[in-house]
Each structure stands twice: as structure tokens, then as C-alpha cells.
Amino acid sequence: MSEKSDRGAALRRGRAPRGGASGRRDAGVRYLVGHTADLKPGESMKFLMPVRGADEECFVINFRGRFHAYVNRCRHVPMAMDWVDNQFFAERGRYLMCQTHNAYYEPASGECIAGPPETCGKALYRVPLEIEDGRLYARPPESEFED
Ligand code: FES
């Protein structure tokens, strides 16, 4: 697992491709998170992204060659999932795990499949990703989420 963490890094704004606007408040804004070559399968990287006027900690993962990003907030208790910095994968990279009470999430869907009963069936808040020329861009989550 990677020790890389981009926590606190300033994100660069990028322009959305034409036709990509959705009419949302943040439509047209995306942020350069990093490069696909820097994130091998089974690795993760954190980043901060402005969401509703405040910096929100998020993370991007490479799960079996596909990239997914989520807000770094467990669905059991709204706190960061990585008690050990940037450690999200568990069970040899098969699942994402919150280290506080061991909620397990499917990496590709973000759905909680084991852990505290009230959390099962809920999903992590997805951060939309775009890949362009090997660069990873993130947009603020489309859905509102609890603080
Ligand atoms: S806070 Fe994540 S499992 Fe309890």
C-alpha cells in the first residue's frame, strides 16, 4: 500500500470539457487530483477539495485498475476512515475498511457490506472522477451529504 498522501495539497482548477456542465452550483469546476501513473492497483491517495465552501477530505483509489473516489467520511459515524493515514484497503486490497469500528465497503460501489448493522447497505459519498491524458480530475459530489 502506498505511503503517498496528498493531504493538504492545493488542487488546481481545470476547465470542464465542453458539454460537461450539469447546471449544478459547482458545474464546470473540476480539480486536478493527480496522475493515474502515480496510483498503482491497491493504492490510495487523499486530497482536499472545496465542497459547499469548505475543504473536504476525499480519497481516490485504484481498485483492480479502475479509479474511484469518495469523501473520506464513514457512513457509521461521520469521521475519517483512515485512523492510520491513507490506509483504506483491507483484506489484501479486496475491501475498503473504516478502522474505527471495522465497517467494510466495496471499493467499486462504496456500499457497506459488513460492520455496524446500521451502516450496512449505506454507501460512501462518491466523488465523480474524470480521466484525461492520464490526469485524474475530481468534481464535488453531486448529492448532498450529512456533516
Ligand atoms: S466510524 Fe466507521 S465503522 Fe464506526
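What counts as what
- Residues numbered from 1 in each chain as written.
- Predicted model: local features only at pLDDT ≥ 70, side-chain atom pairs only at ≥ 80, totals over all residues.
- Helix = DSSP H or I, 4+ residues; strand = E, 2+ residues; numbered from the N terminus.
- Contact = placed C-beta atoms within 7 Å.
- Pairing = 2+ DSSP bridges.
- pLDDT = per-residue confidence, 0-100.
- Buried ≥ 20, exposed ≤ 12 C-beta atoms within 10 Å, placed from the backbone.
- Core = buried A, V, L, I, M, F, W, Y, C linked by C-beta atoms within 7 Å.
- Axes fitted to C-alpha atoms, helices over the stretch in contact; angles between N-to-C directions.

Can you help me understand the overall build of the protein in this one?
The number of helices and strands found in the protein is zero helices and 11 strands. Scanning the protein from its N terminus toward the C terminus, one meets helices and strands in the order β-β-β-β-β-β-β-β-β-β-β. Taking all contacts inside the protein whose residues are at least 6 apart in sequence as the whole, residues at least 24 apart take part in 47%.

What is the right way to read the sheet that holds strand β8 (residues 104-105) from this model?
The strands making up a sheet associate through hydrogen bonds between their backbones, and the pairing can be parallel or antiparallel. Pairing in this open sheet of four strands is antiparallel, and the strands run β6-β7-β8-β9 from one edge to the other. Since the sheet does not close on itself, it has two edges, and those belong to β6 (89-90) and β9 (112-114), each with one partner. With two bridges joining them, β6 and strand β7 (residues 95-97) adopt antiparallel strand pairing. Pairing of Ala90 across the sheet is with Tyr95, part of β7.

Please clarify how the confidence of the model for the protein should be interpreted in this entry.
Low pLDDT means the predicted atomic positions in that stretch should not be read closely. Predicted confidence across the protein gives a mean pLDDT of 85, with 80% of residues reaching 70 or more. Per-residue pLDDT stays below 50 along residues 1-10; that stretch engages in 21 contacts with residues further than four places along the chain or on separate chains. Segment residues 14-25: pLDDT under 50, and 11 contacts once partners within four positions in sequence are set aside and those in other chains are kept.

So what exactly am I meant to see when it comes to unusual backbone geometry here?
It is generally the case that most residues other than glycine have a negative phi and that most peptide bonds are trans. Notably, Arg52 is not glycine yet its phi reads approximately 50 degrees, a positive angle. By the element assignment, Arg52 lies in the loop between β3 (44-51) and β4 (54-63). In this structure, Arg64 takes a positive phi of about 55 degrees despite not being glycine. For Arg64, a count of 11 C-beta atoms within 10 Å corresponds to the exposed category.

Just to check I follow, could you spell out the pairing of strand β5 (residues 66-71) for this structure?
For a regular strand, side chains alternate in direction, first toward one face of the sheet and then toward the other. Pairing of β4 with β5 involves six bridges; the strand directions are antiparallel. Within the sheet, the bridge partner assigned to Cys58 lies in β5 and is Val71. In this structure, the hairpin formed by β4 and β5 is closed by a connection of two residues, where Arg64 is found at a positive phi of approximately 55 degrees.

Is there a simple way to think about the nonpolar core in this case?
In a soluble, globular protein the nonpolar side chains are often hidden away together inside. Grouped together as the largest cluster of nonpolar side chains are 28 residues, with contacts concentrated most on Val33, Cys58, Phe59, Val60, Ala69, Tyr70 and Ala138. Taken together, the elements giving at least two residues each to this core come down to β2 (29-35), β3, β4, β5, β7 and β11 (135-138). Considering each element in turn, this core owes the most residues, four residues, to β4.

Quick question: what am I supposed to make of the environment of Leu96 here?
Mapped onto the secondary structure, Leu96 falls in strand β7. A C-alpha to C-alpha distance of 9.0 Å links Leu96 and Cys112, two positions 16 residues apart in sequence.

Please clarify how the pairing of β11 should be interpreted in this entry.
By the bridge criterion, four bridges tie β2 to β11 in an arrangement that is antiparallel. Counterpart to Leu32 in the pairing with β11 is Tyr137. Sheet analysis places strand β10 (residues 129-132) next to β11, joined by four bridges and oriented antiparallel. In the sheet register, Glu130 faces β11, and the bridge partner there is Tyr137.

What am I meant to see in the sheet that holds β4 here?
The three strands are arranged β3-β4-β5 in an open sheet whose pairing can be described as antiparallel. The open sheet terminates on both sides in strands that have one partner only, identified here as β3 and β5. Looking at each pair of strands side by side, their axes are set apart by 30 degrees on average, direction ignored.

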